[in-house]
Amino acid sequence: MATTMSVSVTVNGAEYTADVEPRMLLVHFLRDELGLTGTHIGCDTTHCGACTILLNGTPIKSCTMFAVQADAQALTTVEGLMSNGELNPIQEAFKEEHGLQCGYCTPGMMLTGVALLESSPEPSEAEIRMAISGNLCRCTGYQNIVHAIQSAARAMAGNDTSVDGGAGGGNGASEGGGE
Amino acid sequence: MIPAAFDYHHPSDIDEVLALLDEHGWEAKILAGGQSLIPAMRFRLAEPGTVVDVNGLAELERFEESDGFLHIGPMVRHATIAGSELVRDRYPLLSDAAEVIADPLVRNRGTVGGSLVHADPAGDWGSVMLAYRAELTVRRAGGERTLPIDELFLTTFVTSLEPNELVTGIRIPAASDGEGGAYEKLERKVGDFATVGVATQITLADDGKVSAAGIGLTAVGATSLRAAAAEGELLGSGAEAAAIEAAAVKAAEASSPTADTRGSEEYKRDMVRVLTGRALRRSVDRARAAS
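Residues numbered from 1 in each chain as written. Chains lettered and ligands numbered in written order. Predicted model: local features only at pLDDT ≥ 70, side-chain atom pairs only at ≥ 80, totals over all residues. Heavy atoms only, no water.

**A closer look at the overall build of chain A**
Here is step 1: On a plain count of helices and strands, chain A comes out with five helices and five strands.
Here is step 2: When the helices and strands of chain A are listed from N to C terminus, the series reads β-β-α-β-β-β-α-α-α-α.
Here is step 3: The buried share of chain A, reckoned over its 179 residues, is 51%.
Here is step 4: Taking the contacts inside chain A whose residues are at least 6 apart along the sequence as the reference set, 54% of them involve residues at least 24 apart.
Here is step 5: Put simply, chain A shows about 7800 Å² of open surface, and 49% of that area lies on carbon and sulfur atoms. (Helix = DSSP H or I, 4+ residues; strand = E, 2+ residues; numbered from the N terminus. Buried < 20%, exposed > 50% of the residue type's maximum accessible area, 1.4 Å probe, protein only. Contact = heavy atoms within 4.5 Å. Areas by Shrake-Rupley, 256 points an atom, 1.4 Å probe, with all protein chains shown as cover.)

**Side note on the packing of helix 2 (residues 89-96) of chain A against helix 3 (residues 106-119) of chain A**
Residue and element names in this part refer to chain A.
Here is step 1: Here helix 2 crosses helix 3 at 125 degrees, and the two axes come no closer than 10 Å. As the angle between them shows, helix 2 and helix 3 are arranged oblique. Here the hand of the crossing between helix 2 and helix 3 comes out right-handed. Listed contacts from helix 3 to Ile90, Gln91 and Phe94 of helix 2 are Thr106, Met109, Met110, Gly113, Val114 and Leu117.
Here is step 2: Partitioned by chemical class, the residues of the contact of helix 2 with helix 3 number six nonpolar, three polar and no charged. (Axes fitted to C-alpha atoms, helices over the stretch in contact; angles between N-to-C directions. Parallel < 35°, antiparallel > 145°, perpendicular 65-115°, else oblique. Left-handed = near helix turned anticlockwise from the far one by under 90°. Nonpolar A, V, L, I, M, F, W, Y, C, P; charged D, E, K, R; others polar.)

**Considering the domain arrangement of chain A**
Residues and elements named next belong to chain A.
Here is step 1: Its domain assignment divides chain A into domain 1 (5-79) and domain 2 (89-157).
Here is step 2: Its C-alpha centre places domain 1 at a distance of 21 Å from the equivalent point of domain 2.
Here is step 3: Across the boundary between the two partners, domain 1 contributes 17 residues, which contact 13 residues of domain 2.
Here is step 4: Per-residue buried area on domain 1 facing domain 2 is highest for His40, Thr52 and Val78; these three make up 40% of the total on that side.
Here is step 5: At the junction of domain 1 with domain 2, the criterion picks out zero salt bridges.
Here is step 6: For the interface between domain 1 and domain 2, the tally reads five residue pairs in polar contact (both at pLDDT 80 or more).
Here is step 7: Going through the elements one at a time, strand 3 (52-55) and strand 4 (58-61) are the ones with two or more residues in the side of domain 1 that touches domain 2.
Here is step 8: At three residues, strand 3 tops the list of elements feeding residues into the side of domain 1 that touches domain 2.
Here is step 9: Residue classes in the side of domain 1 that touches domain 2 are distributed as seven nonpolar, nine polar and one charged. (Domains from an automatic or database assignment. Buried area = accessible area lost by both parts, 1.4 Å probe. Salt bridge = Lys/Arg side-chain N within 4 Å of Asp/Glu carboxyl O. Polar contact = N/O pair within 3.5 Å; in protein donor to acceptor, adjacent residues only side chain to side chain.)

**Considering the interface of chain A and chain B**
Here is step 1: With 31 residues of chain A at the contact, the number on the chain B side is 30 residues.
Here is step 2: Both sides together, the interface formed by chain A and chain B hides about 2500 Å², and carbon and sulfur atoms give 64% of it.
Here is step 3: The interface formed by chain A and chain B contains two salt bridges.
Here is step 4: At the boundary of chain A with chain B, the tally comes to nine residue pairs in polar contact (both at pLDDT 80 or more).
Here is step 5: Mapped onto the side of chain A that touches chain B, the elements with two or more residues apiece are strand 3, strand 4 and helix 4 (125-131) of chain A.
Here is step 6: With four residues, strand 4 of chain A is the largest single contributor of residues to the side of chain A that touches chain B.
Here is step 7: Residue composition of the side of chain A that touches chain B, by class: 14 nonpolar, 13 polar and four charged.

**Let's talk about unusual backbone geometry**
Here is step 1: Of note in the backbone geometry, Asn12(A) takes a positive phi value of approximately 50 degrees without being a glycine.
Here is step 2: Structurally, the position occupied by Asn12(A) is in the loop between strand 1 (5-11) and strand 2 (14-20).
Here is step 3: Classification of Asn12(A) as partly exposed rests on a relative accessible area of 29%.
Here is step 4: Despite not being glycine, Ala219(B) shows a phi value in the positive range, around 70 degrees.
Here is step 5: Checked against the element boundaries, Ala219(B) lands in the loop between strand 13 (210-218) and strand 14 (225-226).
Here is step 6: The buried category is assigned to Ala219(B), whose relative accessible area is 17%.

**Some remarks on the side chain of Asp120(B)**
All names here are of chain B.
Here is step 1: Relative to the elements of secondary structure, aspartate 120 occurs in the loop between helix 7 (112-118) and helix 8 (124-132).
Here is step 2: Buried aspartate 120, no salt bridge; nearest opposite-charge side chain is arginine 262, N-O distance 9.2 Å.
Here is step 3: Once residues within four sequence positions are removed from consideration, aspartate 120 is found in contact with Phe157, Phe193 and Ser224. (Lys, Arg positive; Asp, Glu negative; His and termini not counted.)

**Re the domain arrangement of chain B**
Residue and element names in this part refer to chain B.
Here is step 1: Each assigned domain of chain B is listed with its residue range as follows: domain 1 (7-52), domain 2 (67-173) and domain 3 (179-289).
Here is step 2: A separation of 18 Å is found between the C-alpha centroids of domain 1 and domain 2.
Here is step 3: Each side of the interface is counted separately: domain 1 has 13 residues, and domain 2 has 16 residues.
Here is step 4: Joining domain 1 to domain 2, the criterion identifies one salt bridge.
Here is step 5: The partner of arginine 139 in a salt bridge is aspartate 15, and the shortest N-O contact between them spans 3.2 Å.
Here is step 6: Where domain 1 touches domain 2, the interface holds two residue pairs in polar contact (both at pLDDT 80 or more).
Here is step 7: Looking at the side of domain 1 that touches domain 2, the element that brings in the most residues is helix 1 (residues 14-24), giving six residues.
Here is step 8: Looking at the side of domain 1 that touches domain 2, its residues break down into seven nonpolar, four polar and two charged.

**What about the pairing of strand 12 (residues 196-204) of chain B?**
Residues and elements named next belong to chain B.
Here is step 1: In terms of residue burial, strand 12 counts as a mostly covered element, since nine of its nine residues are buried.
Here is step 2: Here strand 12 shows no split at all, with Val196, Val198, Thr200, Ile202 and Leu204 on one side and Gly197, Ala199, Gln201 and Thr203 on the other all buried.
Here is step 3: Relative to strand 12, strand 11 (residues 179-186) is paired through eight bridges, and the arrangement is antiparallel. Considered in strand 12, the bridge of glutamate 179 is made with threonine 203.
Here is step 4: In textbook terms, the turn of a hairpin is the stretch between consecutive antiparallel strands, and for strand 12 and strand 13 this stretch comprises five residues, one of which, glycine 208, has a positive phi near 85 degrees. (Pairing = 2+ DSSP bridges.)

The following block contains the structure:
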């Protein structure tokens, strides 16, 4: 039986090389080997999405991939969302719109949101709800999570006024209703 | 939860995969999208001594129409099918199903071939491929065979594939005029297993009569099931309401659901009838629009 294998992976732009057992799950690698504990473990059954990360830009559940499979791949975790000391617009929006209560699902929700806005910069509410349907929030805070993603979409489009002002609150509901 | 230890291989070509399968036999498992295998390994329901990762093998990711077929490589991800305009335009049964498999994050990793050979009767692709009358290309070291989808499933989680065989291709007949299909799935919530699913695919001839019909059932038997008698009710009919209802009744008779938290046998059997009717009506509408 193999003992360990070498893995070289880019995480949040930095290169890491480590020797790991093939059976080590990617989420354990991120948390225990690299110390990136922003990626959470929720259900351990591929349901909850708390361990969501981006694999080459695509959101996946890092509890359902082996670390050795990430060799030569590029990953983004919640720790990689900030740049130059500035919060990512989605982080700013989750803060302003109260898009979290306990915070457990938040890293996964934000990474799913980032990927959604990358592929669909002006998503309808229905698209947002579909996109986050693999990320469970047990505080039942979906309403504000949706608002936060809508708010981030506006901020990224450069026509937002709610993110840095006091007007956050409920103005997300009237927009993005679509069909 | 930590899987049992295993040897990991990531071959760079199919011959190497086949050699590993020959060498390790039942001890080896192919790792495709991993969305069923890895959870099973975490629960120690599966403890393969050797894992052969086939991610990144381009030949297994083929996805194109050619030679009268739509070729779907076994490593094509559910999300690729769901996001394909070609599929949405010409293979609506495929896109219907791809959009309701598990959840969006699982769809980004899970693969068509991995799901098929996992042979979970609650898996959506089994019934879809039965409705399309798909064929699989199956390779082993030094040989290749074509396997009709009807000969794949033996029982729950068991297929007719030998331990040294790898599915290298899946193909369905290329869409033509007068064809339409639809998938109907009843589930309690996103990501839950289907309570009942029904896949239907029909062809209308120039005279408006049904010249081909495929009906596959999800989660109502030990395997994905073909509702052959229901298909027979449609053939030669004008796909009128009475023929659709007769087919729906036959489909319900073909099912053998078991009671669980999702419903009683009677309920599920009746849902087969209801969903078969809905799927057939949508298939007919789509077939007429494609005529």
